[in-house]
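Tertiary structure, described
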Amino acid sequence: MTDAKPLRAEAKPLRAEAKPLRADARRNRDALIAKARELFAGGCFNLRFDDFAKLAGVGTGTLYRHFPTREALAEAVYRDEITAMCDRARELRATLPADEALESFLRGLVDYLHANEGIARTFASLMATRSGALADGVQAIGQAVTDLLAAAVETGRIRGDVGAGAVLMALQGICATYGHPTHRTDADGVITLVLAGLRRPAPTHMIVDVGATRHAEKPAARTSTITTHRTALRQPVIDAEGGHGQD
C-alpha cells in the first residue's frame, strides 16, 4: 500500500534574508525597525516615509535599500507577530475540531488587529493592491486561513463553495475601517456573519417529512371517526325482544 499523500500544503515560512548583512547594515536595519515599532505603537502613521530614516538616524538611501515601501517596513516590524499567528493557526488545527479552529483563529486575528493598528493598516493596503505578489506576511496569513478552511470543509460542517479569498476580503474590510468608533463591535459582527455564511445549513427534509406525516394522520383520524358514526347510523335498531326498529 502506498503512503497517503498530505491533504494540503503547510503554510510556507516567511522569507528569510537573501544573504547575511554586514554588521553596519544590520545595525541600520535594526534601527529602522526599532524606530518604526516605536512610532507605530504610539499611533503615528502619517509621517512621510523618508522621515523614518531621519528619526532612525540613517540616510534615506539606507531606508529604501532595506525597505522600499512603508508596507515593507511595517511587515518587518510585525514579522515575528505574523509568524506567531501562523503558528497559532497550526496549533488550533491540531487541538480543536476544524470548524472551531477556524472560528477561534478568525476571532483571535480580529483581537490582534484591533490591538495593532500598524499591521491592520498594512494588511488593508497590501490586500487592496493585490499587486501580483503580496508581501510575505499577508501570504502567510492567507495560507493559514486556506488550511483552516480546507480542514473545516473536510468535516462537512463548512460549505466548500466559498474560498479563502472571500474570508480575506472580509478581513481586508475590517482592516480598512480601523479607527471607526464602533470598529471592534462591527468587526466581531463581520466575523459572525462570515462564519454563519460558511456553515452548512441544518437539513430541513426531516422537518418537512414529520410535518407531512402529521398532516396526513389528522385527516385519516377524522375520516375514521366519521365513518364509524355513519356505520352506526346505518345499523338497524334491535329492541330488547329481538325485533327490528326503524332506521
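Reading guide: rules and limits
- Residues numbered from 1 in each chain as written.
- Predicted model: local features only at pLDDT ≥ 70, side-chain atom pairs only at ≥ 80, totals over all residues.
- Heavy atoms only, no water.
- Helix = DSSP H or I, 4+ residues; strand = E, 2+ residues; numbered from the N terminus.
- Contact = heavy atoms within 4.5 Å.
- Areas by Shrake-Rupley, 256 points an atom, 1.4 Å probe, with all protein chains shown as cover.
- Salt bridge = Lys/Arg side-chain N within 4 Å of Asp/Glu carboxyl O.
- Buried < 20%, exposed > 50% of the residue type's maximum accessible area, 1.4 Å probe, protein only.
- pLDDT = per-residue confidence, 0-100.
- Phe/Tyr/Trp six-rings, centres within 6.5 Å; stacked < 30°, edge-to-face > 60°.
- Axes fitted to C-alpha atoms, helices over the stretch in contact; angles between N-to-C directions.
- Parallel < 35°, antiparallel > 145°, perpendicular 65-115°, else oblique.
- Left-handed = near helix turned anticlockwise from the far one by under 90°.
- Nonpolar A, V, L, I, M, F, W, Y, C, P; charged D, E, K, R; others polar.
- Expected span 1.5 Å × (residues − 1).

**Things to note about the overall build of the protein chain**
Along the backbone of the protein chain there are eleven helices and zero strands. Element order for the protein chain, N to C, with α for helix and β for strand: α-α-α-α-α-α-α-α-α-α-α. Within the protein chain, residue pairs in contact and separated by at least 24 positions form 67% of the contacts whose partners lie at least 6 positions apart. Roughly 15,400 Å² of accessible area belongs to the protein chain as shown, and the carbon and sulfur atoms make up 56% of that amount.

**Focus on the pattern of salt bridges**
On inspection of all chains with the given rule, the structure shows 14 salt bridges. Two residues, arginine 48 and aspartate 51, come together in a salt bridge whose shortest N-O distance is 3.2 Å. The exposed category is assigned to arginine 48, whose relative accessible area is 53%. For aspartate 51, a relative accessible area of 21% puts it in the partly exposed group.

**With respect to the confidence of the model for the protein chain**
Interpreting fine coordinate detail is not advised for predicted regions of low pLDDT. On average, residues of the protein chain carry a pLDDT of 76, and 69% of them reach 70 or more. Confidence drops under a pLDDT of 50 for residues 1-13, and excluding neighbours within four residues, the segment shows 17 contacts in the predicted structure. This model gives residues 220-233 a pLDDT under 50, and the stretch forms zero contacts once residues within four places in sequence are excluded.

**Remarks on the packing of aromatic side chains**
In total, this model carries two aromatic pairs according to the counting rule given. An angle of 90° between the planes, with centres 5.3 Å apart, marks the rings of phenylalanine 49 and tyrosine 64 as edge-to-face. Here phenylalanine 49, found in helix H2 (residues 49-56), pairs with tyrosine 64, found in helix H3 (residues 60-66); they are 15 residues apart in sequence, far enough to count as distant. Residue classification places phenylalanine 49 among the buried positions, given a relative accessible area of 12%. Aromatic rings pair up to connect Phe49, Phe52 and Tyr64 into one cluster.

**Some points on the side chain of histidine 66**
Structurally, histidine 66 can be placed in helix H3. Ignoring any residue separated from it by four or fewer positions in sequence, one finds histidine 66 in contact with Leu21, Ala25, Asn28, Arg29 and Leu32.

**Notes on the packing of helix H5 (residues 79-95) against helix H6 (residues 98-115)**
In the contact formed by H5 and H6, the axes pass within 9 Å of each other and the chain directions differ by 160°. Our classification of the angle between H5 and H6 gives roughly antiparallel. Read as a crossing pair, H5 and H6 show a hand that is right-handed. Between H5 and H6, the residues in contact are Glu81, Met85, Arg88, Ala89, Leu92 and Arg93 and Ala101, Ser104, Phe105, Leu109 and Tyr112, respectively. Class assignment of the residues belonging to the contact of H5 with H6 gives a composition of seven nonpolar, one polar and three charged.

**Concerning helix H8 (residues 136-154)**
Between its first and last C-alpha, H8 extends 27 Å over 19 residues, near the 27 Å set by a 1.5 Å rise per residue. Looking one or two residues past H8, glycine 156 carries a phi angle of roughly 85°, positive in sign.

**Quick notes on the environment of isoleucine 141**
Residue placement: isoleucine 141 occurs in helix H8. Along the backbone, isoleucine 141 and cysteine 86 are 55 residues apart, and their C-alpha atoms lie at a distance of 6.4 Å. Apart from residues no more than four positions distant in its own chain, isoleucine 141 is found in contact with Ile82, Met85, Cys86, Leu109 and Phe123.

**Thoughts on the environment of arginine 107**
Along the chain, arginine 107 turns up in helix H6. Residue class for arginine 107 comes out partly exposed when judged on its relative accessible area of 26%. Setting aside anything within four residues of it in sequence, one finds arginine 107 in contact with Asp188, Ile191, Thr192 and Leu195.

**Quick word on the packing of helix H1 (residues 23-41) against helix H4 (residues 70-77)**
Where H1 contacts H4, the two axes come as close as 9 Å, and the packing angle between them is 90°. By the angle between their axes, H1 is roughly perpendicular relative to H4. Together, Arg29, Leu32, Ile33, Ala36, Arg37 and Phe40 of H1 and Leu73, Ala74, Ala76 and Val77 of H4 make up the contact between the two elements. Of the residues belonging to the contact of H1 with H4, the class tally is eight nonpolar, no polar and two charged.

**Quick notes on the environment of histidine 183**
Among the secondary structure elements, histidine 183 is positioned in helix H10 (residues 183-198). You can call histidine 183 buried: its relative accessible area is 6%. Put simply, histidine 183 and histidine 114 are 69 residues apart on the chain and 8.3 Å apart in space, counted from C-alpha to C-alpha. Setting aside anything within four residues of it in sequence, one finds histidine 183 in contact with His114, Ile174, Thr177 and Tyr178.

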